[in-house]
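Close look at the chain arrangement
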Amino acid sequence: MAKTARLSVLTSGGDAQGMNAAVRSAVRAALERRAEVFGIFEGFQGMIEGGDQISPFTWDSVGGVLQQGGTILGTARSPDFLERSGRKEAVRNLLLQGINRLIVIGGDGSLTGAQVLREEWRTLLEELVAEGRLDPSVKEEYGFLAVAGLVGSIDNDMFGTDLSIGTDSALHRITEALDAITSTAASHQRAFVVEVMGHHCGHLALMGALASGADFALIPENPPNLDEWEERMCSILRTGREMGRRDSIVVVAEGAQDRHGNPISSRYVEEVLTKYLGEEARVTVLGHVQRGGSPSASDRVLATLLGAAAAEAVLNAKPGDEAVLIGIENNKIVHSSLTECVEHTLKVGSCIHECRFDEAMEYRGKAYRDSFRILRTLIRANPRPPQPNKRRLRVAVLTGGAPAPGMNAATRAVVRMLEDNGHIPLGVKWGFRGLIDDDIQEMNWMTVNGWAPTGGSELGSSRKTPEGAELYAAAQVLEKHQVDAIVMIGGWAGYHAAHKLYEERHNFPAFDIPIICIPASINNNLPGSELSIGADTALNSIVEVVDKIKQSAVALNRCFIVEVMGRYCGYLALMSAIATGAERVYLHEEGITLKELERDIELLKQGFQQGKRLGLMIRNEAANSFYTTPFIAALFEEEGGALFEVRQSILGHLQQGGNPSPFDRILAARLAWEAVQRIEEVASRAGARRYSDVGAVCLGIQEGDVNATPLYRIPRLMDEVHQRPLEQWWMELRPLARMLAQPGPGFFEQSVLGQADQN
Ligand code: ATP
Ligand code: MG
């Protein structure tokens, strides 16, 4: 019989939030496949030291780690591993335990190390056998090393993945800091220079600046254009002040440089500001704060997906297979050659080093380049003057449906980009209600100043869809203001109203204009987009609260039933279950049956009997209208007897509030940019006025890229009764959530299902 596969996991290089989630999911996915799993402590150094540094891991070794920052395995930079002799010891220690499958979570250096180890494995093994330090049988059984690498590094500088584990959490820390500095800077009318991490990659600086509404960003890949960039930067800041801004914030990446390759330090920027602006500037170097804190919801989910995929990959690997890097591209898990990813990463590094900036930007990909262009527009202190021969369109901007964090960031971006392109933004209050009541005002660059970080909707929102006579009123208002296009930022109610106007365009010519919908709803239940603005923030709010709820239970045997929003869409419930390690999630998409509830009770009882101290179930608010949260709580409480107590927690509106997460702010800016590109397209078609067929669309993110779905397709894409898309991409993550929550490999089938079915 073949020996049980043995694999090991290590974290290496700088620590990054979310590494634990990856370790947990890799360990459990491997156990589920009945492999034996070892955790290696202190990175490659632990591999060289051997002994207790390579320890068997069980299901419970990785319990309760999701919310912890850093890495439970520890990490180290190991100079010994750079030497062949060190790596030889590592090979011996692995083989003493019969391990020849390895998952490495780290940055470019660590992944290079793993790759080198794989290359040398066979030779080192043979040498060790020849020296009599290993049994010759290892040649047959363990002749190859299977390697899967995951990028765990806050810098996001590695090829092969759109996002690395830890980047989103680091952006959270950066954005929090920038928001805080913005408020103090505004009180004192001061200039601030904020330095963020990133030697070869400006991702954190760029996205941080974009998310916080900073005034200027300096990144390694795309230095400021002119030789006298210092003056230009200061003139932007000065104009901003003249326009009424009270603060000036410059974000500098650690590795920022000018066009000639000379480093631009944050101290230098401080000197420049002091000299040209004639006022004191302050430097804040964020440093290790960026690696700190609990991982963000999205890092936990990403790391969980990647960890499980890595276990799968190393367990499936055969002799001769290349080492793989497992990453996420366009919202899909992808496997690439680790060697090629390392090579490409090094290439970008040399492009930057050798001042070949266009090439470096090319390597970074489209989303990165778009973000840079968007930032360049948004940070302009004032809009470009309208061009004399260009049509100026009057564009109504409104927010519809329930408030979603990020609506203001989207509104701000739309307004500024419209004005920058010479158009006239008209702010409509209270969603479509304002269109009926003629509650409309012109907006400009400064109306939306400071809106990027704020929650709710400054314009006000409503669930109103114009009906009957209201349609006539809305048409008149649109005509009165000579509205050429509408940008609606909102949720299902907003989409519904936009679609209504579109349908009525034959009766009311005023509606026969471009109507562009931008998805903004915490429920993430909108057609034409995998993600909507606000869902990430809501997910983070849920995860934060559930972490606290879990902490409150350390002393007692407790089971929590947490109810989350989403209406009939289970996105928030499932994702928060993955991010918090809930053992059960109840979705409307799946329904709830009494039989399942009985099984869940059995599972809980067995768990608590075996020493479990905490149970966590997440229920979508509309999962089942009879088996409500109080009902399930009562049922579990009664059935749990003395074994455990049950508490319910209905999270409510805290999920709709709060400042938008960096992800939501950046998504808002990207979608706003696209909306304005479409308006531009319309403006270029001089003369014609009926554009609804080309311009009535809902924007969204699909497979990682921005795209547009015509409004007329909405009814075909939606389950109108349950107000959710007919197809939901995240549904395929359910088996993973279920697998990770089970208390052990095959446990569910063997012990509980069997019993429940017999009863
Ligand atoms: P980050 O840059 O995100 O902090 P990293 O993984 O790039 O993470 P490094 O310090 O470059 O961090 O690498 C971590 C460890 O990986 C090193 O201490 C060393 O043990 C090993 N390593 C790096 N490069 C190599 C190499 N070329 N050959 C063998 N081992 C290497
Ligand atoms: Mg590195």
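This brings us to the overall build of the protein chain. Per the secondary structure count, the protein chain includes 26 helices and 25 strands. If one aligns the C-alpha atoms of the protein chain with their principal axes, the spans along those axes are about 90 × 70 × 45 Å. Looking at the protein chain as a whole, 61% of its 759 residues are labelled buried. Looking at the protein chain as shown, the accessible area adds up to about 28800 Å², and 49% of this sits on carbon and sulfur atoms. For the protein chain, the distance from the average position of its 76 positive side-chain charges to the average position of its 96 negative side-chain charges is 3 Å.

Another point: a negative patch on the surface. There is a patch of like negative charges on the surface, built from Glu42, Glu49, Asp80 and Glu83. If you trace the backbone, aspartate 80 turns up in the loop between strand S3 (54–57) and helix H3 (84–96). Aspartate 80 gets classed as partly exposed once you look at its relative accessible area, which sits at 37%.

Residue-level pLDDT values for the protein chain average 92, and 96% of them are 70 or greater. A low-confidence stretch, residues 745–759 stays under pLDDT 50, and its non-local contacts, those more than four residues away or across chains, total 28 contacts.

On to the sheet that holds strand S8 (residues 248–253). Taking strand neighbours across the sheet as the criterion, the four strands line up as S7-S8-S6-S9 in an open arrangement whose pairing is parallel. Sheet topology places strand S7 (216–218) and strand S9 (281–285) at the edges, where each strand pairs with a single neighbour. Strand-to-strand twist of the sheet, defined as the mean angle between neighbouring strand axes without regard to direction, takes the value 20°. Sheet analysis places strand S6 (residues 191–196) next to S9, joined by five bridges and oriented parallel. In the strand pairing of S9, valine 193 is matched with valine 283. Contacting S6, S7 and S8, helix H7 (residues 203–212) runs over the sheet at an angle of about 160° to S8.

Taken together, 17 residues form the shell around ligand 1, and within it Arg77, Ser78, Asp108, Gly109 and Ser110 come nearest. Take glycine 14: an N or O atom from its main chain is 2.9 Å from an oxygen atom of ligand 1. Within the side chain of aspartate 108, one N or O atom sits 2.5 Å away from an oxygen atom of ligand 1. Here the shell around ligand 1 gets six residues from one element, more than from any other, and that element is helix H4 (residues 108–130). Here the shell around ligand 1 is composed, by residue class, of four nonpolar, ten polar and three charged.

This paragraph deals with the domain arrangement of the protein chain. Segmentation of the protein chain into domains returns domain 1 (6–164 + 295–329), domain 2 (167–290), domain 3 (394–533 + 660–727) and domain 4 (559–654 + 735–753). A straight line from the C-alpha centre of domain 3 to that of domain 4 covers 37 Å. Tallying the contact residues gives ten residues for domain 3 and nine residues for domain 4. Both sides together, the interface formed by domain 3 and domain 4 hides about 870 Å², and carbon and sulfur atoms give 55% of it. On inspection of domain 3 and its partner domain 4, the count reaches zero salt bridges. Between the two partners, domain 3 and domain 4, sit three residue pairs in polar contact (both at pLDDT 80 or more).

Right, let's talk about the pairing of strand S17 (residues 515–519) for a bit. Most of S17 sits out of view: five of its five residues are buried. Alternating positions in S17 separate into two faces, Ile515, Cys517 and Pro519 on one and Ile516 and Ile518 on the other, with burial throughout. Of the strand pairs in this sheet, strand S16 (residues 485–490) and S17 are connected by five bridges, and their pairing is parallel. Residue pairing across strands places isoleucine 486 opposite isoleucine 515, the latter belonging to S17. After leaving S16, the chain enters helix H17 (residues 492–503) and then returns to the sheet as S17, a path that is right-handed. Note: S17 against strand S22 (residues 697–702), two bridges, orientation parallel. Opposite cysteine 517, over in S22, you have cysteine 698 as the bridge partner.

All right, on to helix H8 (residues 229–242) then. Taking 1.5 Å per residue, 14 residues should reach 20 Å; H8 reaches 20 Å between its end C-alpha atoms and fits that length. Those residues of H8 lying buried are Trp229, Glu230, Met233, Cys234, Ile236, Leu237, Gly240 and Arg241. Buried residues of H8, viewed axially, fall in a sector of 150°; they line one side. Along its buried surface, H8 packs onto S6, S7, S8 and helix H9 (266–277). Looking at the residues trailing H8, positive phi occurs at glycine 244, about 115°.

This next bit is on the pattern of salt bridges. One pass over the full model with this rule turns up 45 salt bridges. The partner of arginine 173 in a salt bridge is glutamate 176, and the shortest N-O contact between them spans 3.3 Å. One end of the pair, arginine 173, and the other, glutamate 176, are both in helix H6 (residues 167–188), three residues apart, so they sit about a helical turn from each other. In this structure arginine 173 comes out as buried when scored by relative accessible area, which is 15%. A relative accessible area of 43% places glutamate 176 in the partly exposed class. Of the charged contacts in the structure, one is a salt bridge between arginine 584 and aspartate 600, with a shortest N-O distance of 2.9 Å. Of this pair, arginine 584 sits in strand S19 (residues 584–586) while aspartate 600 sits in helix H20 (residues 594–609), and the two are 16 residues apart along the sequence. Comparing arginine 584 with aspartate 600, the two get one shared label, buried.

The next thing to look at is unusual backbone geometry. Its identity as a non-glycine residue notwithstanding, aspartate 438 has a phi of 60°, on the positive side. When you line up the elements, aspartate 438 lands in the loop between helix H15 (432–437) and strand S14 (440–442). A positive phi angle, near 50°, is found at glutamine 482, a position not held by glycine. Position of glutamine 482 relative to the elements: it lies in the loop between helix H16 (469–480) and S16. Residue classification places glutamine 482 among the exposed residues on the basis of a relative accessible area of 54%.

Analysis parameters
- Numbering of residues begins from 1 in every chain and follows the order in which that chain's sequence is written.
- Following the order in which they are written, the chains are lettered starting with A and the ligands numbered starting with 1.
- The model is predicted, so local features are restricted to residues of pLDDT at least 70 and side-chain atom pairs to those at 80 or more, both for listing and for counting; the totals for chains, interfaces and linings are taken over all residues.
- The side-chain numbers reported here are obtained from all heavy atoms of the structure, hydrogens and water having been left aside.
- Runs of H or I in DSSP of at least four residues are treated as helices and runs of E of at least two as strands, each being numbered from the N terminus.
- Partly exposed residues are those whose accessible area sits between 20% and 50% of the maximum for their type, while under 20% is buried and over 50% is exposed, using a 1.4 Å probe and protein chains only.
- Each accessible area value is a Shrake-Rupley result obtained with a 1.4 Å probe; residue values ignore everything except the protein chains displayed when judging cover.
- Neither His nor the chain ends is counted toward charge; the positive residues are Lys and Arg and the negative residues Asp and Glu.
- Note that the charge is assigned to NZ on lysines, CZ on arginines, CG on aspartates and CD on glutamates.
- Within this analysis, patches are made of residues with over 30% relative accessible area and no salt bridge. Like charges are joined at 9 Å or less; nonpolar side chains (Val, Leu, Ile, Met, Phe, Trp, Tyr) at 5 Å or less.
- When a carboxyl oxygen of Asp or Glu lies within 4 Å of a side-chain nitrogen of Lys or Arg, that pair is called a salt bridge.
- As a per-residue measure, pLDDT tells how confident the predictor is, with possible values from 0 to 100.
- The contact rule is simple, with two residues in contact once any of their heavy atoms fall within 4.5 Å.
- One requirement defines pairing of two strands: DSSP has to find at least two bridges between them.
- Each axis is a line fitted through C-alpha atoms, taken for helices only over the stretch in contact, and angles between the N-to-C directions span 0 to 180 degrees.
- Neighbouring residues are identified by heavy atoms, a residue being near a molecule or strand if any of them is within 4 Å of it.
- Think of a polar contact as two N or O atoms within 3.5 Å of one another; within protein, one of them needs to be a possible hydrogen donor and the other a possible acceptor, and neighboring residues in sequence only count if both atoms come from side chains.
- All residues other than Ala, Val, Leu, Ile, Met, Phe, Trp, Tyr, Cys, Pro, Asp, Glu, Lys and Arg, Gly among them, are scored as polar; the first ten of these are nonpolar and the last four charged.
- The domain boundaries here were taken from an automatic or database domain assignment.
- Two parts placed together each lose some accessible area under a 1.4 Å probe, and the buried area is that loss summed for both.
- Look down the strands so they point away from you; if going from the first strand over the helix to the second traces a clockwise path, that crossover is right-handed.
- An expected span of 1.5 Å times one less than the residue number is assigned to each helix.
- Within this analysis, the arc is defined by the directions that extend from the helix axis to the C-beta atoms.

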